[in-house]
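So you can see what is in the structure, the chains are spelled out below.
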Amino acid sequence: MRARLRGAAALLVGVCLVAGPVACGEAGGARESGGSASGGAPKIGVLLPDNTSRLYHFDKPLIEKKIHRLCPDCTVETVSAQHDVATQQQQMDAMITKQVQVLILDAVDSKSLRSSVESARRAGIPVVAYDRLVEGPVSAYVSFNGATVGRLQGEALLKALGPQARHAQIVMMNGASSDPNSAWFKQGALAVLKGRVKIGKVYETGDWRPENANRNMSAAISALGADHIDGVYSANDGLAAGIIAALHAAKVTPLPPITGQDAELAAIQRLVTGDQIMTVYKPFAPEAGTAAAMAVALGRGEKLKGITTHTVNSPTHRGIPAVLLTPVSVNVHNIKNTVVKDGMYRIDQICTPKFESACKKAGLLR
């Protein structure tokens, strides 16, 4: 999970679900500059925050494939920052020095990369913000609607708690406070949960790391008591893994309902066993394909009007042309019709021998 921006004041940074690229005011960062200075095919740089998450394993090949389909002569260079801000800043500088025509950037830290985005603008290089909105004069943004993600999670948790939800107490395990997406998810979840369930403890999980979620959950168990935690809002699947490990260590059984996001394979398997009640699936192909289309268009010096459908505001710029996609709630009952149907996972990948019995019970195997 993604992005780093100091403080929840960036709370979705005022996303405007308004059709058209100028509906929210001046489209700061929306300049369709770029284009190959030499008249040749554009060179496109892709900067990802890590090489361990779904971004690298799913999004990266999809982005590259779509770019080459739209622009067979385009060249693509993809780099990973290994979760390090300084590394990503250096990678941005290197891309600018190489005079790429456009950049697709999933920032390690949305605020810290602002100066690099500004440097790219001065060099006439458009930046497409991918999955999380980086500060600075970006030319376009593509992601999933974070408020919808949070609402899906909150609704699933309330449904799992049932009629006793108003008497229940939950722990809220949000993502990193430096990530604007985290604040966005939280906003959506609170719109559903606030006033309908007691929130006993709230944590902002540093760097989205499972080990930090594990420590936070252990602290919540100590503070509230294992018998007084009826559910856990977990902002993503990695955090859910740390949460579940802490509950197992405290010998909590049965586990309370726990949410997630990203449709990681381990999370899908936890849906099968019942350790996790849901995850939010964000179909990666539309997001990757949209970013590729934006990059190719900007690299050719073309407009984005036929691609973007919304505008968003960041802490530094207003009216950024954007595409906000719709996430999907996945539970044990619709695994086949979502992640399997879309080719993200095969049944045999999910239903390894360890999960064979649970898969049969869930109807994934006969």
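Residues numbered from 1 in each chain as written. Predicted model: local features only at pLDDT ≥ 70, side-chain atom pairs only at ≥ 80, totals over all residues. Heavy atoms only, no water.

Under an unreviewed UniProt entry, the name given to the protein is Solute-binding protein, and the source organism is Streptomyces tubercidicus. In UniProt, the protein has this text filed under Subcellular location (unreviewed entry): "Cell envelope". (UniProt positions renumbered as here; feature names shortened; annotations may be inferred.)

**Student:** Lay out unusual backbone geometry in plain terms, naming residues and giving numbers.
**Tutor:** Here the residue pair Thr 253 and Pro 254 is connected by a cis peptide bond, since its omega of -5° sits within 30 degrees of zero. Positionally, Pro 254 belongs in the loop between helix H7 (237–249) and helix H8 (265–273). A positive phi is found at Trp 208, a non-glycine position, where the angle reads about 60°. On the basis of relative accessible area, Trp 208 is assigned to the buried category, the value being 5%. Its identity as a non-glycine residue notwithstanding, Lys 251 has a phi of 60°, on the positive side. Mapping Lys 251 onto the fold places it in the loop between H7 and H8. (Helix = DSSP H or I, 4+ residues; strand = E, 2+ residues; numbered from the N terminus. Buried < 20%, exposed > 50% of the residue type's maximum accessible area, 1.4 Å probe, protein only.)

**Student:** Before we move on, could you go through the nonpolar core and cite the residues and values that matter?
**Tutor:** For soluble globular proteins, the rule of thumb is that nonpolar side chains tend to be buried together. With 40 residues, the main nonpolar core has Val 171, Met 173, Met 217, Ile 243 and Leu 247 as its most contacted residues. At the level of elements, helix H4 (146–161), strand S7 (169–174), helix H5 (180–193), helix H6 (210–224), strand S9 (231–234) and H7 are the ones that each hand at least two residues to this core. If sequence neighbours within four positions are ignored, Val 171 has contacts with Lys 201, Tyr 203, Met 217, Ala 220, Leu 224, Ile 229, Gly 231, Val 232 and Tyr 233. (Core = buried A, V, L, I, M, F, W, Y, C linked by side-chain atoms within 4.5 Å. Contact = heavy atoms within 4.5 Å.)

**Student:** Explain the side chain of Ser 116 to me, using residue names and the numbers behind them.
**Tutor:** With respect to the helices and strands, Ser 116 occurs in helix H3 (residues 114–122). Looking at Ser 116, the relative accessible area reads 4%, which means it is buried. Each residue touching Ser 116, except ones within four places of it in the same chain, is listed here: Gln 89, Met 92 and Ile 96.

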